[in-house]
Amino acid sequence: QVQLVESGGGLVQPGGSLRLSCLASGSFLNLYTMAWFRQAPGKEREFVAYSRWTSGSTYYVDSVKGRFTISRDNAKRTVYLQMNSLKPEDTAVYYCAADKFGRGEGATRDEYEYWGQGTQVTVSS
């Protein structure tokens, strides 16, 4: 079993920055694919970014490319999402997810077996 706990969300003005953290515990292995998703009120959960340890690849949804960066500290079992140049449309609950099998393409919700409880990010003046 794997447990994921997100932190770092909060209120920020447009153009500001936040860094989200996801701490993994339990039977977590660094080779798992890690991802961030987000869900705005009234909308379905959408993919934001993933990091595949086995290949070293990362991938981002078009709307955050050039602004967000996913990274990981394997010693701390922590995955980060650095968010810069934040926009009001980035407002959502952000969720961390882990895929132990790594067989999917990485950007769909049903590939991930483990999820955190989410952390709220609000971008507003």
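Going along each chain's sequence as written, the residues are numbered from 1 onward. Only residues with pLDDT of 70 or above have their local features reported here, since the model is predicted, and side-chain atom pairs are shown and tallied only from 80 upward, although totals for entire chains, interfaces and linings are computed over all residues. Based on all heavy atoms of the structure, the side-chain values leave hydrogens and waters out of the count.

Draft legend 1. Representation of the nonpolar core in the model. Nonpolar core, defined: a set of buried Ala, Val, Leu, Ile, Met, Phe, Trp, Tyr and Cys residues in which side-chain atoms within 4.5 Å join the residues together. Classification of residues uses two cut-offs on accessible area relative to the type maximum, computed with a 1.4 Å probe and protein chains only: under 20% is buried, over 50% is exposed, and between them is partly exposed. Residues Leu4, Trp36, Leu81, Met83 and Tyr94 are the most contacted members of the largest nonpolar core, which totals 28 residues. Elements represented by at least two residues in this core include exactly strand E1 (2-7), strand E3 (18-26), strand E4 (33-39), strand E5 (46-52), strand E7 (68-73), strand E8 (78-83), strand E9 (92-99) and strand E11 (119-123). Grouped together as the second largest cluster of nonpolar side chains are six residues, Ala35, Tyr50, Ala97 and Tyr112 included. Helical segments are the DSSP runs of H or I of at least four residues, strand segments are the runs of E of at least two, and each set is numbered from the N terminus.

Draft legend 2. Seen up close, the environment of Pro88. The residue Pro88 is located in the loop between E8 and E9 in this model. Considered as a pair, Pro88 and Leu18 are 70 residues apart in the sequence and their alpha carbons are 13 Å apart. Residues count as neighbours in contact if any of their non-hydrogen atoms are within 4.5 Å of one another. When neighbours within four sequence positions are excluded, Pro88 is seen to be in contact with Pro14 and Val123.

Draft legend 3. Geometry of the sheet that holds E1. Two strands qualify as a pair provided that DSSP identifies no fewer than 2 bridges between them. The four strands lie next to each other as E1-E3-E8-E7, forming an open sheet whose pairing is antiparallel. Either end of the sheet is taken by a strand with one partner, and the two such strands are E1 and E7. Between one strand axis and the next, the sheet turns through 20 degrees on average, direction left out of account. Where E7 and E8 come together, six bridges link them in antiparallel fashion. Paired with Asp73 across the strands is Thr78, a residue of E8. Axis geometry follows a simple rule: fit a line to the C-alpha atoms, using only the stretch in contact for helices, then measure angles between N-to-C directions, giving values from 0 to 180 degrees.

Draft legend 4. Local environment of the pairing of E3. As paired strands, E1 and E3 are joined by six bridges and run antiparallel to one another. Paired with Glu6 across the two strands is Cys22, which belongs to E3. In the sheet, E3 pairs with E8 via six bridges, with the strands oriented antiparallel. Within the sheet, the bridge partner assigned to Cys22 lies in E8 and is Val79.

Draft legend 5. Representation of the packing of aromatic side chains. What counts as a ring pair is set by centres within 6.5 Å for rings of Phe, Tyr and Trp (its six-membered ring), and what kind of pair is set by the plane angle: stacked under 30 degrees, edge-to-face over 60, tilted for all other angles. What the rule picks out here adds up to eight aromatic pairs. One aromatic cluster is present, formed by Phe37, Phe47, Tyr50, Tyr59, Tyr112 and Trp115 through successive ring pairs. The ring of Tyr95 carries the charged tip of Arg45 above its face, separated from the ring centre by 3.6 Å. Cation placement over rings: the criterion is NZ of Lys or CZ of Arg within 6 Å of the ring centroid and within 35° of the ring normal. Directly above the aromatic system of Trp115 lies the positively charged group of Arg109, at a separation of 5.0 Å from the ring centroid.

Draft legend 6. Quick peek at the pattern of salt bridges. Counted as salt bridges are all cases of a side-chain nitrogen of Lys or Arg within 4 Å of a carboxyl oxygen of Asp or Glu. Using the criterion set out here, one finds four salt bridges in the structure. Residues Asp90 and Arg38 are paired through a salt bridge, measuring 3.0 Å at the closest nitrogen-oxygen approach. Highlighted residues: Asp90 in the loop between E8 and E9 and Arg38 in strand E4, separated in sequence by 52 residues. Under the relative-accessibility criterion, Asp90 is labelled buried at 1%.

Draft legend 7. Representation of the environment of Tyr59 in the model. Here Tyr59 is to be found in strand E6 (residues 57-60). Residues Tyr59 and Val48, eleven residues apart in the sequence, show an inter-C-alpha distance of 8.4 Å. Once residues lying within four places of it in the same chain are set aside, the contact partners of Tyr59 are Phe47, Val48, Ala49 and Tyr50.

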